[in-house]
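Residue-level listing of the chains:
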Amino acid sequence: MAVILSFVCFIPDLNNELLIWDDSGYIIDNVYIRNLSFETVSWAFTTFYCNYWAPLTWLSYAVDYAVWGLNPVGYHLTNNALHALNTGMFFLLSLELLQIYLAVTYSEVNKARILNNSNIIYCSLMAALFFGLHPLRVESVAWAAERKDVLSFFFGIPAIFAYLRYTRMTVNQIGSAENQFSFLVSRYYWLAIGFYCLSLLSKSMLVTLPLVLLVLDWFPLRRVHRKTFPTLLLEKIPLVVLAGFAAVITMFSQTVEMIPLERSDMPSRMLNALKSIMAYLRLTVWPLDLSPFYLHPGNITKLGMEYTLPIFFFVAVTICCVLTVKRRPVFTVTWLIYLITLLPVIGITAVGPTAMAARFTYLPGLPLAMLAALGITVFFVRFSGSYLVRILIGAGTFLLLLLGCYCTIQQISFWKDDVTLWTRAIDLQPNTVGRVYFQRGIGYGLKGEFQKALTDMNKAVEIATAKGYGEMHTIYFQRAWILRQLGDLEAAIADLSSALLTDNSPMRQLYYRERGTIYQELGRTDLANEDFRLSMMPEGSM
């Protein structure tokens, strides 16, 4: 049921196009995925294409291309199917965790009461649907380039499930001592290792899984004791080695996109991280005004309420968890897993121009969905004697899921194409972020609406100039292309000349070639020949 509802909810995105934003590099212009061969496999495992190392993700695109070519339907269909299956697997994982939770938390009388009424199944179903139908999932599913999110999760959930089965098979009684190396002969343990490896080969988001499993060892598995703790650490070593390898590879592949400390110092990164932690929780509870782009603030020199409030919030929640850890450890476990799974994307390493993104909540959304479902179920059971209260809780939950579906479908519509996507971002952040106008300008240009494209590019130049943006050449180059389509060749030459003044990369050869072509169109043969000569010169000799 969870699989079907999740898939149906995301069906509208089959009408969406592939975007210029990353879909272009990952799929449209990616010549390496256009055949299935040993060379493609070798390329996938040895490349840092688009500053990523994600072999299984590249191979999944190659399979899609073999079936669909560049038809957007195929790529969205695969993402939808993976997400629907993820939702179904999360239902099974929730069922497993809740059974363990009930076994160690409630008395036999209360436990029998819950199980007899099948509330554990409904709780797991609610958790899966809260996760699968939430608008925060849209970015990971409706954006073809985020295949790596759903694919990594597709292998990550079985890894956690296999680990839970391993703990059940190797411990007759929760908390009992184990042979220190018994995990080496467990097929479930090695199954968990295998799935974890596949998850990391899709995306390195799950590098913190060893820590997550250690938290689960503490609660609800109740395996953390003085005698068993060395074994718990030993069995995590293979996972840590895999995670370390993936982390090093990822850091190395994304070196180009890392923001230097001069542009964003460590205190600023910590403040942005705390702000993001609270923002994700707010968007989980109230998922309105979701933007596809949140610009990184760089160095934060002024502490306003937007940064001080998250500090107090973080401290308050942490204190509450500590105070209730003995009576209600589920709150502490949820908070810890939420924070741990956010660590790779919280912004401490500051990769790329984004401060936060909805796609970063794909994994951290799991513990929150489970806690919400568990809270509703416990409340339902405690008031099971009142028919009216049960009706109200059931109706409220149904309405909540229905509203979630509505918001998700609405959010999917914003991802229709580049123009609708960036129009949404502009509506939420008008006249503040040049990047969103730049992206929409490209979208308008590809649709042939060059005057609208020029208006957006002019706005992008205005905002970027005011902020002292260091890569103005990218905007000048795109505006030059638009001006050329509009027939304003002199203005196009001026923009290409400006790009040449602000860029020392190999792209200069392209700028010279483009300017030479325009000079040739104007009949200025001598200037055209000089630019063509410069475009042929090797890098570093100009």
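Residues numbered from 1 in each chain as written. Predicted model: local features only at pLDDT ≥ 70, side-chain atom pairs only at ≥ 80, totals over all residues. Heavy atoms only, no water.

## Digging into the overall build of the protein
Within the protein, the secondary structure is distributed over 24 helices and 2 strands. Taking 24 Å as the expected radius of gyration for a compact globule of 542 residues, we find that the protein reaches 26 Å, a close match to that expectation. Classification of the 542 residues of the protein by burial places 51% in the buried group. Here the contacts in the protein between residues at least 6 apart in sequence split such that 74% fall between residues at least 24 apart. (Helix = DSSP H or I, 4+ residues; strand = E, 2+ residues; numbered from the N terminus. Rg over C-alpha atoms; globule rule 2.2 N^0.38 Å. Buried < 20%, exposed > 50% of the residue type's maximum accessible area, 1.4 Å probe, protein only. Contact = heavy atoms within 4.5 Å.)

## Observations concerning the confidence of the model for the protein
Of all residues in the protein, 95% have pLDDT values of 70 or greater, and the mean over the chain is 90. For the stretch residues 172-178, pLDDT sits under 50, and the model shows 14 contacts to residues farther than four places along the chain or on other chains. (pLDDT = per-residue confidence, 0-100.)

## Remarks on helix H13 (residues 266-285)
Its 20 residues give H13 an end-to-end C-alpha distance of 29 Å, which sits within 8% of 28 Å, the value for a rise of 1.5 Å per residue. Inspection of H13 places Ser268, Arg269, Leu271, Asn272, Ala273, Leu274, Ser276, Ile277, Ala279, Tyr280, Leu281 and Leu283 among the buried residues, and these make up the whole buried set. Among the structural elements, strand E1 (294-295), helix H14 (305-323), helix H15 (329-342), strand E2 (354-356) and helix H16 (365-382) are those in contact with the buried residues of H13. (Expected span 1.5 Å × (residues − 1).)

## A word on the nonpolar core
Grouped together as the largest cluster of nonpolar side chains are 156 residues, with contacts concentrated most on Phe90, Tyr338 and Trp415. Once residues lying within four places of it in the same chain are set aside, the contact partners of Trp415 are Asn16, Leu19, Trp21, Val138, Glu139, Ala142, Trp143, Pro292, Thr420 and Leu421. (Core = buried A, V, L, I, M, F, W, Y, C linked by side-chain atoms within 4.5 Å.)

## Thoughts on the side chain of Ser264
Residue position: Ser264 is located in the loop between helix H12 (229-253) and H13. With relative accessibility at 0%, the residue Ser264 sits in the buried group. Apart from the residues within four sequence positions on either side, Ser264 is in contact with Ile259, Arg269, His296, Gly298 and Asn299.

## With respect to the pattern of salt bridges
Taken as a whole and judged by the stated rule, the model has 23 salt bridges. When the shortest N-O distance is used, the salt bridge between Glu146 and Lys148 registers 3.2 Å. Glu449 serves as the salt-bridge partner of Lys452, at 3.2 Å between the closest nitrogen and oxygen. Through salt bridges with shared partners, one network takes in Glu139, Glu146, Lys148, Asp149, Lys203 and Arg359. (Salt bridge = Lys/Arg side-chain N within 4 Å of Asp/Glu carboxyl O.)

## Here's the deal with the packing of aromatic side chains
By the definition in use, this model includes 29 aromatic pairs. Ring geometry for Trp143 and Trp415: centres 5.5 Å apart, planes at 35°, overall tilted. Taken as a pair, Trp143 in the loop between helix H8 (138-142) and helix H9 (147-170) and Trp415 in the loop between helix H17 (387-414) and helix H18 (418-428) lie far apart in primary sequence, 272 residues in all. Take Trp143 and Trp415: they sit in the same class, and that class is buried. Taken together through their ring pairs, the aromatic side chains of Tyr26, Tyr32, Trp43, Tyr49, Tyr52, Trp58, Tyr61 and Tyr75 make up a single cluster. Its guanidinium or amino end placed over the ring of Tyr52, Lys148 lies 4.6 Å from that ring's centre, counting from NZ or CZ. (Phe/Tyr/Trp six-rings, centres within 6.5 Å; stacked < 30°, edge-to-face > 60°. Lys NZ or Arg CZ within 6 Å of the ring centre and 35° of its normal.)

## Describing the layout of surface pockets
By volume, the second largest pocket is sized at about 760 Å³. Forming the boundary of the second largest pocket are 31 residues, of which His134, Leu281, Thr284, Val285 and Ala372 lie nearest the centre. Within the residue set of the lining of the second largest pocket, elements represented by two or more residues are helix H7 (119-132), H13, H14, H15, H16 and H17. For the lining of the second largest pocket, a count of residues per class yields 25 nonpolar, 5 polar and 1 charged. (1 Å grid on protein atoms, 1.4 Å probe; cavity = no way out; pocket = protein on both sides within 12 Å on 5 of 7 lines; lining within 4 Å. Points joined across faces, edges and corners; volume = space filled by probe spheres on them. Nonpolar A, V, L, I, M, F, W, Y, C, P; charged D, E, K, R; others polar.)

## Re empty space enclosed by the protein
Enumeration according to the criterion identifies 5 cavities of 30 Å³ or more in this entry. Approximately 380 Å³ is the volume attributed to the largest cavity. For the largest cavity, the lining is made up of 23 residues, of which Leu97, Leu216, Ile337, Pro367 and Met370 are closest to its centre. Put simply, the parts of the chain that give the lining of the largest cavity at least two residues each are helix H5 (72-105), helix H11 (209-218), H15 and H16. Split by residue class, the lining of the largest cavity holds 21 nonpolar, 2 polar and no charged. Approximately 70 Å³ is the volume attributed to the second largest cavity. Around the second largest cavity sit Asp149, Ser152, Phe153, Met205, Leu206, Arg359, Tyr362 and Leu363, which together line it.

## Some thoughts on the packing of H16 against H17
To characterise two packed helices, one gives the angle between the axes of the helices and the distance between these axes. Where H16 meets H17, the closest approach of the two axes is 9 Å, and the angle between their N-to-C directions is 160°. It follows from the interaxial angle that H16 and H17 lie roughly antiparallel. Considering the relative orientation of H16 and H17, their crossing is left-handed. Of the residues in H17, those in contact with Ile376, Phe379 and Phe380 of H16 are Arg390, Ile393 and Thr397. Residue composition of the contact of H16 with H17, by class: 4 nonpolar, 1 polar and 1 charged. (Axes fitted to C-alpha atoms, helices over the stretch in contact; angles between N-to-C directions. Parallel < 35°, antiparallel > 145°, perpendicular 65-115°, else oblique. Left-handed = near helix turned anticlockwise from the far one by under 90°.)

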